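# Architecture and fold: a report
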Amino acid sequence: MKSLNPDFASLGTTIFTTMSALAAEHGAINLGQGFPDEDGPLDIRDVAARALIEGPNQYPPMMGLPALRQAVADHDQRFYGLTYDARDEILVTSGATEALAACLMALLAPGDEVVLFEPLYDSYLPIIRQCGAVPRIVRLETPGWGIPDGAFTTAFSPATKLVLLNTPMNPTGKLFAGEELAVIARLATAHDAYVLCDEVYEHLVFDGAAHQPIATLPEMRARTLRIGSAGKTFSLTGWKVGYVSGPRDLITTVAKVHQFLTFTTPPGLQAAVVYALDKDDAYYTRLATSLQAKRDRLAEGLRRVGFKVLPVEGTYFLTVLTDGVGQSFATDVEYARWLTVEVGVATVPCSAFYAGPNPPQNMIRFCFCKKDEVLDAAIDRLASRLLR
């Protein structure tokens, strides 16, 4: 038999699937997979249900319902002062991962180089490599997740086509802001590179901070695509409704890719997201406040057990250092397996988010977008075994 596509055939079972299966097998509390354990607002779900019954349920426009494209454009203006034409500068996709694939395929050609930060979301590299492009990875430094001096500058070359920026960042919880954003913008402009921004956690930002899209910086709107996610903003991750905002010359080509990936997205869900995006400021404030409280609840419990909790400015996730807590293992995968099987709490080993050589072996990621009683039960299990 002839070989299959090497970029995908060589991939193993994802660590998320592996750890969730292990959690189920051993009855562990699963703080590994990144989705809430409660559905989003009932009024949004009611709108979707009515739209499904009342129809239409046939193909909506390939670019997305006009009402949803306008709602996304209004959202970007409302929160960031960004002006996009809903007719041809907004694209609705079947989730943010499809948006990423469509954008990368639209922007990249074989031999192009992509600068991106590590640790990184696991879908980025397979898609980049399938495009024939070359990743240039910049590893963030712990414990503060800073960009190392000089490393970012040297990642650029005459072949640099794109910077892929995830902010707020999965898995670190880092929020790129201030001078860091300015440096990224200056280098992208100097090398005539595009910037693709995975901003799905844009409203999950804590401690009074505010997410700032790099597209708001001078000269950056023309070279930036930004991706949002209704699933993350409204705690409805299974809906898979994403959207891309950007200049029409870029969106036009991204849409040509999208038409041959999923073509469109369920119209009833799109209609409900139109309604959802119009929610008042109080909704967005409550969302961030609620998740910040969950972050603090879990972080305090983990510190009490002995873990060092790294900074978390947004998202669903926090990372801890495992040094000196419980048994010692050569790898974080072994540690995470032991924690699942013997202690009864499932996490994700952070080496799964690294592609460069010698990834750290002393970090695991917890997901805190769970019910308080689930977080408390996990902390109790950890304390009963690790504080003996």
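This text follows the structure it describes.
The model shown is predicted, which means the values in this text are computed figures rather than measured ones.

Counting buried positions along strand S5 (residues 160–166) gives six out of seven residues, so the element sits mostly inside the fold. Inspection of the sheet shows strand S3 (residues 113–118) paired to S5 by four bridges, in the parallel sense. Paired with Val115 across the two strands is Val163, which belongs to S5. Here S5 pairs with strand S6 (residues 194–198) via five bridges, running parallel.

With that settled, consider the sheet that holds S6. Read across the open sheet, the seven strands follow the order S2-S8-S7-S6-S5-S3-S4; overall the sheet is mixed. The sheet terminates laterally at strand S2 (90–93) and strand S4 (134–139), the two strands that pair on one side only. Across this sheet, the average inter-strand angle for adjacent strands is 20 degrees, counted without regard to direction. Against the sheet, helix H5 (residues 96–107) contacts S2, S5, S6, strand S7 (224–229) and strand S8 (242–245), and its axis sits at roughly 165 degrees relative to S7. The strands that helix H10 (residues 248–258) touches are S2, S6, S7 and S8; relative to S2, the one it contacts most, it runs at about 20 degrees.

A few words now on the nonpolar core. Counting 130 residues, the largest nonpolar core has Phe117, Ile214, Leu318 and Phe366 as its most contacted members. Beyond its immediate chain neighbours, meaning those up to four positions away, Phe117 contacts Val138, Leu140, Ile147, Phe152, Leu164, Leu165, Met169, Phe176 and Ile184.

Attention now goes to the side chain of Glu89. Positionally, Glu89 belongs in the loop between helix H4 (66–80) and S2. Look at Glu89 and you get buried, because its relative accessible area is 5%. Side chain to side chain, Glu89 and Arg221 meet in a polar contact 2.7 Å long. Ignoring anything within four residues of it in the chain, the contact list for Glu89 reads Thr83, Tyr84, Arg221, Val244, Ser245, Gly246, Pro247, Arg248 and Ile251.

Our next topic: the packing of H4 against helix H11 (residues 267–277). The description of two packed helices rests on the angle between their axes and on the distance between the axes. The interhelical angle for the contact between H4 and H11, taken along N-to-C directions, is 25 degrees, at an axis separation of 9 Å. One element, H4, and the other, H11, form an angle in the roughly parallel class. Seen along the crossing, H4 lies across H11 with a hand that is left-handed. Residue-level contacts link Ala67, Leu68, Ala71, Val72, His75 and Arg78 of H4 to Gln270, Val273, Val274 and Leu277 of H11.

According to the stated counting rule, one finds 19 aromatic pairs in the structure shown. Consider the rings of Phe234 and Tyr284, whose centres lie 6.3 Å apart with planes at 65 degrees: the pair is edge-to-face. Here Phe234, found in the loop between helix H9 (230–233) and S8, pairs with Tyr284, found in helix H12 (residues 281–305); they are 50 residues apart in sequence, far enough to count as distant. An identical accessibility class is assigned to Phe234 and Tyr284; each is buried. Taking NZ or CZ as reference, Arg365 lies 3.7 Å from the ring centre of Phe317, over its face. The ring of Phe35 has Lys370 lying over it, and the distance from NZ or CZ to the ring centre is 4.4 Å.

A few words now on H5. For an α-helix, 3.6 residues make a turn, and residues three or four places apart therefore share a direction. The first and last C-alpha atoms of H5 sit 16 Å apart over 12 residues, in line with the 16 Å expected at 1.5 Å per residue. Here H5 lies mainly inside the structure; nine of its 12 residues are buried.

What follows concerns the pairing of S6. Burial analysis of S6 places four of its five residues in the buried class, the great majority of the element. Following the backbone out of S5, through helix H8 (residues 178–190) and into the adjacent parallel S6, one traces a crossover that is right-handed. Bridge count between S6 and S7: four bridges; the pairing is parallel. Considered in S7, the bridge of Leu196 is made with Leu225.

Conventions used here
Residues numbered from 1 in each chain as written. Predicted model: local features only at pLDDT ≥ 70, side-chain atom pairs only at ≥ 80, totals over all residues. Heavy atoms only, no water. Buried < 20%, exposed > 50% of the residue type's maximum accessible area, 1.4 Å probe, protein only. Helix = DSSP H or I, 4+ residues; strand = E, 2+ residues; numbered from the N terminus. Pairing = 2+ DSSP bridges. Axes fitted to C-alpha atoms, helices over the stretch in contact; angles between N-to-C directions. Contact = heavy atoms within 4.5 Å. Core = buried A, V, L, I, M, F, W, Y, C linked by side-chain atoms within 4.5 Å. Polar contact = N/O pair within 3.5 Å; in protein donor to acceptor, adjacent residues only side chain to side chain. Parallel < 35°, antiparallel > 145°, perpendicular 65-115°, else oblique. Left-handed = near helix turned anticlockwise from the far one by under 90°. Phe/Tyr/Trp six-rings, centres within 6.5 Å; stacked < 30°, edge-to-face > 60°. Lys NZ or Arg CZ within 6 Å of the ring centre and 35° of its normal. Expected span 1.5 Å × (residues − 1). Right-handed = clockwise from strand over helix to strand, strands pointing away.

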